[in-house]
Amino acid sequence: MTEHDPELLNVPPGAPHDSMLSETISYVIGLALALILTGVSFWVASTGVLWGPGVATGLVVLAIAQMGVHLVFFLHITSGPDNTNNVLALAFGVLIVFLVMIGTIWIMAHMNANMGISPELMNLQMQH
Amino acid sequence: MTAGTEAPAIGLTHQGSEDTGLGHRGPESKSIVVPYGFWLFVLSDMVLFSALFASYATLVHATDGGPTTSQLFHRLLVAVETMALLVSSFVCGLAMIAAKRANMLWTQGWLLVTGFLGLIFISIELYEFATMIAEGAGPQRSAFLSAFFTLVGCHGAHVTCGLLWIGTMMAQIWTKGFQPHIMRRLLCLSVFWHALDIIWVAIFTIVYLIGTLP
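Residues numbered from 1 in each chain as written. Chains lettered and ligands numbered in written order. Predicted model: local features only at pLDDT ≥ 70, side-chain atom pairs only at ≥ 80, totals over all residues. Heavy atoms only, no water.

I'd like a rundown of the overall build of chain A, residues and numbers included.
On a plain count of helices and strands, chain A comes out with four helices and zero strands. The order of helices and strands in chain A, counted from the N terminus, is α-α-α-α. Relative to its 128 residues, chain A shows a buried fraction of 34%. Within chain A, contacts between residues separated by at least 24 positions form 57% of all contacts whose residues are at least 6 apart in sequence. (Helix = DSSP H or I, 4+ residues; strand = E, 2+ residues; numbered from the N terminus. Buried < 20%, exposed > 50% of the residue type's maximum accessible area, 1.4 Å probe, protein only. Contact = heavy atoms within 4.5 Å.)

Explain helix α1 (residues 20–46) of chain A to me, and be specific about the residues and the numbers.
With 27 residues, α1 of chain A ought to run about 39 Å at 1.5 Å a step, and its terminal C-alpha atoms sit 39 Å apart, in line with that. Residues of α1 of chain A that are buried include every one of Glu23, Ser26, Tyr27, Gly30, Leu31, Ala34, Leu37, Thr38, Ser41, Phe42, Val44 and Ala45 of chain A, and no others. In the core, the buried residues of α1 of chain A are packed alongside α2 (55–74) of chain A together with α3 (75–100) and α6 (180–209) of chain B. (Expected span 1.5 Å × (residues − 1).)

Kindly report on the nonpolar core, identifying the contributing residues and their values.
If you look at the biggest cluster of nonpolar residues, it comprises 86 residues, and the most contacted ones within it are Trp39, Tyr56, Phe73, Phe148 and Tyr208 of chain B. At the level of secondary structure, the elements contributing two or more residues to this core comprise α1, α2 and α3 (84–114) of chain A together with α1 (30–59), α3, α4 (104–134), α5 (143–176) and α6 of chain B. Ranked by residues supplied to this core, first place goes to α6 of chain B with 20 residues. (Core = buried A, V, L, I, M, F, W, Y, C linked by side-chain atoms within 4.5 Å.)

Help me get a handle on a nonpolar patch on the surface, residues and values and all.
Taken together, the side chains of Leu21, Ile25, Ile29, Leu33, Ile36, Val40, Trp43, Val49 and Leu50 of chain A make up a nonpolar region of the molecular surface, amounting to roughly 840 Å² of accessible area. Residue Val49 of chain A is classed as exposed on the basis of its relative accessible area of 68%. (Patch = residues over 30% accessible without salt bridge, like charges linked within 9 Å, V, L, I, M, F, W, Y side chains within 5 Å. Areas by Shrake-Rupley, 256 points an atom, 1.4 Å probe, with all protein chains shown as cover. Salt bridge = Lys/Arg side-chain N within 4 Å of Asp/Glu carboxyl O.)

Before we move on, could you go through the interface of chain A and chain B and cite the residues and values that matter?
Across the boundary between the two partners, chain A contributes 58 residues, which contact 58 residues of chain B. Note that Arg101 of chain B is salt-bridged to Glu23 of chain A, the shortest N-O span being 2.8 Å. Inspection of the region where chain A meets chain B yields seven residue pairs in polar contact (both at pLDDT 80 or more). If you list the elements that add at least two residues to the side of chain A that touches chain B, you get α1, α2, α3 and α4 (119–125) of chain A. In terms of residue class, the side of chain A that touches chain B is made up of 36 nonpolar, 18 polar and four charged. (Polar contact = N/O pair within 3.5 Å; in protein donor to acceptor, adjacent residues only side chain to side chain. Nonpolar A, V, L, I, M, F, W, Y, C, P; charged D, E, K, R; others polar.)

So, the environment of Thr104 of chain A: which residues are in play, and what are the values?
Assignment of secondary structure puts Thr104 of chain A in helix α3. Note: C-alpha distance between Thr104 of chain A and Ala63 of chain A (41 residues apart in sequence) is 20 Å. Residue contacts for Thr104 of chain A: discarding those within four places in its chain leaves Leu99 of chain A together with Ala54 and Thr58 of chain B.

Break down the packing of aromatic side chains for me, with residues and values.
Residues and elements named next belong to chain B. Under the criterion given, the structure shown has 16 aromatic pairs over all chains. Between Phe129 and Phe148, the ring centres sit 6.0 Å apart and the planes meet at 70°, which makes this aromatic pair edge-to-face. Linking Phe129 in helix α4 with Phe148 in helix α5, this pair joins segments that are 19 residues apart in sequence. For the pair shown, Phe129 and Phe148 are each scored as buried. Aromatic rings pair up to connect Phe73, Phe121, Phe129, Phe148, Phe149, Trp200 and Tyr208 into one cluster. (Phe/Tyr/Trp six-rings, centres within 6.5 Å; stacked < 30°, edge-to-face > 60°.)

How would you explain the packing of α3 of chain A against α1 of chain B if you had to name every residue and give the values?
At a minimum axis separation of 9 Å, α3 of chain A and α1 of chain B run at an interaxial angle of 10°. In terms of orientation, α3 of chain A and α1 of chain B fall into the roughly parallel class. Note on packing geometry: the crossing formed by α3 of chain A with α1 of chain B is right-handed. Along its contact with α3 of chain A, which presents Asn85, Asn86, Ala89, Leu90, Gly93, Ile96, Val97, Val100, Met101, Thr104, Ile105 and Met108 of chain A, the element α1 of chain B presents Tyr36, Trp39, Leu40, Leu43, Met46, Val47, Ser50, Ala51, Phe53, Ala54, Ala57 and Thr58 of chain B. By residue class, the composition of the contact of α3 of chain A with α1 of chain B is 18 nonpolar, six polar and no charged. (Axes fitted to C-alpha atoms, helices over the stretch in contact; angles between N-to-C directions. Parallel < 35°, antiparallel > 145°, perpendicular 65-115°, else oblique. Left-handed = near helix turned anticlockwise from the far one by under 90°.)

Here it is in structure tokens:
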């Protein structure tokens, strides 16, 4: 079972590995890392010892890290040659997701700021 | 294709040749193409959710004098929901390992646990929604709550579909066995279920944790 096997030139996303032990270990490592990252997220959000304005950014970073853990250990997205198509599709998806989210938040925040009214009044204007 | 004597594979080409993976080998087998197509669907589903996240982030402060995020959300409930969905995703992986070995008992057992944990998740979410609506914080109260119910409700609808799918797959494995087309469907189901957990990571971080920061 090497990558010279024509059947292994591509693998679908989520396809398991070879041996039962290595598959199970992969999922257990993924679960452990995800549990740690989730725990740290809830701790960061609850504790008062961190610098307040940076907490939201830190939470987003932790969430992106946990998504990466899920992709690698649960969906088995790797950098190997058999995974090129899966990674390219993922990269395009991530590009569109970031364009939509950052573009919308950026433009809407600037439009609201340029309306020249107070945030409280804008809150009322956007109620419907 | 002479394997063994060639140089090791370099980059995207295999065995150092110009074989692009199409040529004389023909198209990929169905066991590759079907889950890949489903992977593209899952990614486009994430694009759909990104639009819902964007509208939520834009409208989160448009509360119209009604309840705000920190008044509505309870972190304990969210923590239980998160644990249920995360362990469910893990157990779904165990079910795939058992299914690959055509082990009927363990596959059905793990799928049952997967579905049960998903049911716990969706029950807590419905309880949260019912409590909010009873408090007068329904989707028509403010733009913020409309965006909230659309985003989280869309995820909950996906989980509900996933639960129905799990039940369907359990019945199909039971009656038809581990045939190739059943295994393809099972693989698509696991990709779907893992993807729902990835979207939930974004929801519990952006909506619940950042929404309840002091």
